[in-house]
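# Understanding the architecture of this molecule
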Amino acid sequence: MKSYNVGIIGATGMVGQRFALLLSKHPWFNVKVVAASSRSAGKKLKDAIGNKWAMQEPIPEEIGELTVMDATNDVEKIASMVDFVFCAVNMKKDEIKALEEKYAKAECPVISNNSAHRGTEDVPMVVPELNPEHIEIIKAQRERLGTKRGFIAVKSNCSIQSYVPALHPLRKYGIKNVLACTYQAISGAGKTFETWPEMIDNVIPYIGGEEEKSENEPLKVWGKIEGNKIVNATEPNITTQCLRVPSSDGHMAAVFVSFDRKPAKEEILKLWKEFKGVPQELELPSAPKQFLNYFEEDDRPQTKLDRMLENGMAVSMGRLREDKQYDYKFVCLSHNTLRGAAGGGVLLAELLAAKGYFD
Ligand SMILES: NC(=O)c1ccc[n+]([C@@H]2O[C@H](COP(=O)([O-])OP(=O)(O)OC[C@H]3O[C@@H](n4cnc5c(N)ncnc54)[C@H](OP(=O)(O)O)[C@@H]3O)[C@@H](O)[C@H]2O)c1
């Protein structure tokens with residue numbers, strides 16, 4: 001496989017730091033540019049991050065030495081230095097929308113972790129194992145933007161990365177209703193216990209905008225390309241409650257589901273075990289070998305024990321049982337800054353690279 005020069009936009013942030021770690025040893029992608037706000041621009045990345053470095057491993061040496069560029073004012077220059085960028089910034093939604101389009105129009109593809117473009121009809125929102133075919137909409141998006149190379153592709157919100165993969169292989173039974181309560185780690189807010197001590201011994205029953213995303217985004221992932229847009233699925237009916245809980249990394253979900261045709265428990269377990277997507281078939285470098293993993297033990301998966309399964313790229317399920325109101329209930333878990341953010345972004349970029357979208 002060819003190798004590509006890449007940039008990290010938002011490199012000083014929580015997701016940006018994850019990108020730096022994941023890309024420091026990547027076989028295809030070399031980090032040539034790091035960028036953030038004007039507050040950080042001009043400093044070495046390691047100095048701009050300083051004591052905000054929130055990862056267990058130290059900052060990768062070569063990337064830490066790069067000088068931070070200005071993400072909003074150096075767009076043309078950055079676009080000329082790299083083949084594409086990963087973007088994870090904390091700005092107003094309309095500012096992010098405009099910034100990502102500016103990169104795309106400068107012929108620099110954008111793999112985005114931000115929510116700004118998730119609702120844009122010709123921007124694919126891809127979980128590579130579930131809807132890889134949605135990248136074909138990029139042709140229509142390039143026509144709209146008037147670009148040859150530039151485009152925007154996004155990954156979905158971290159909250160849906162556990163229950164949507166678990167439900168995906170079960171769609172053939174006609175999923176009718178889904179209720180999901182999520183228990184989300186503080187790194188999902190770009191925070192640690194040092195920067196958010198109020199979260200110690202606490203649960204906050206509100207995460208701004210999260211329930212709307214958790215209910216609507218699965219319908220885009222399960223949507224279909226029609227002409228020059230992706231048309232959302234109309235089913236299932238999804239309702240959610242999203243809580244912030246005192247864990248550092250890892251989003252858990254308690255899920256209740258009913259079907260048009262109720263499958264046997266063994267059928268569900270078999271479908272989970274046998275499920276493989278395009279990333280597994282193509283053996284993409286960041287793809288987990290076993291994407292969906294079921295734990296038989298009643299007290300698994302646990303956030304602390306199981307979030308790093310397959311380098312944080314696998315999804316874990318447990319406690320599948322029949323329910324009095326719905327057909328079944330179960331719990332599931334995924335790592336929010338790996339599978340749910342930077343890792344999911346890197347896997348999407350690998351899929352796009354393998355399919356020739358950066359050439
Ligand atoms: N954390 C997660 O688990 C997660 C999961 C999925 C998606 N996301 C999404 O990813 C994005 C980043 O999240 P995060 O948790 O990494 O946030 P974060 O830790 O607050 O980092 C934000 C980044 O944005 C940069 N930034 C802020 N204002 C800017 C500006 N005006 N111009 C250019 N850069 C600017 C910051 O640079 P400075 O340091 O210079 O201010 C920093 O690099 C958000 O859209 C978030 O919703 C996060």
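It should be emphasised that the depicted structure is a prediction, and the values quoted were computed from it without experimental measurement.

Another point: the environment of Ile 138. Looking at the secondary structure, you find Ile 138 in helix α6 (residues 138-145). Since 21 C-beta atoms lie within 10 Å of it, Ile 138 is described here as buried. Not counting residues within four places of it along the chain, the set of residues in contact with Ile 138 comprises Pro 124, Phe 151, Ala 153 and Tyr 357.

This part is about the packing of helix α1 (residues 14-24) against helix α13 (residues 338-354). One can describe the packing of α1 onto α13 by two numbers: an axis separation of 9 Å at closest approach and a directional angle of 50 degrees. Taken together, the axes of α1 and α13 lie oblique to each other. Seen along the crossing, α1 lies across α13 with a hand that is right-handed. Contacts from Val 15, Arg 18, Phe 19, Leu 22 and Leu 23 in α1 reach Leu 338, Ala 341, Ala 342, Gly 343 and Val 346 in α13. Of the residues contributing to the contact of α1 with α13, the split by class is 8 nonpolar, 1 polar and 1 charged.

Here we have 6 strands laid out as an open sheet, ordered β10-β7-β11-β14-β13-β12, and mixed in their pairing. The open sheet has two edge strands with one neighbour each: β10 (237-244) and β12 (292-295). On average, adjacent strands in this sheet sit at an angle of 25 degrees to one another, irrespective of strand direction.

Turning our attention to the nonpolar core. Val 34, Ala 35, Val 85, Ala 153 and Cys 332 are the most contacted members of the largest nonpolar core, which totals 95 residues. The biggest single contributor to this core is α13, with 10 residues. Here this core spans two domains, and each of domain 1 (4-157 + 341-354) and domain 2 (159-335) adds at least three residues to it. In this view, Ala 35 contacts Gly 7, Ile 9, Ala 11, Val 68, Met 69, Asp 70, Ala 71, Asp 74 and Ile 78; residues no more than four positions away in its chain are not counted.

Turning our eyes to something else, we now look at the domain arrangement of the protein chain. You'll often see interface size given as the accessible area lost when the parts meet. Each domain of the protein chain was delimited in the assignment, giving domain 1 (4-157 + 341-354) and domain 2 (159-335). For domain 1 versus domain 2, the distance between C-alpha centres works out to 24 Å. Each partner contributes residues to the interface: domain 1 has 32 residues there, and domain 2 has 29 residues. Broken down by element, the residue count for the side of domain 1 that touches domain 2 peaks at 7 residues, all from α13. A class-by-class count of the residues in the side of domain 1 that touches domain 2 yields 16 nonpolar, 10 polar and 6 charged.

Thresholds applied
Residues numbered from 1 in each chain as written. Predicted model: local features only at pLDDT ≥ 70, side-chain atom pairs only at ≥ 80, totals over all residues. Helix = DSSP H or I, 4+ residues; strand = E, 2+ residues; numbered from the N terminus. Buried ≥ 20, exposed ≤ 12 C-beta atoms within 10 Å, placed from the backbone. Contact = placed C-beta atoms within 7 Å. Axes fitted to C-alpha atoms, helices over the stretch in contact; angles between N-to-C directions. Parallel < 35°, antiparallel > 145°, perpendicular 65-115°, else oblique. Left-handed = near helix turned anticlockwise from the far one by under 90°. Nonpolar A, V, L, I, M, F, W, Y, C, P; charged D, E, K, R; others polar. Pairing = 2+ DSSP bridges. Core = buried A, V, L, I, M, F, W, Y, C linked by C-beta atoms within 7 Å. Domains from an automatic or database assignment.

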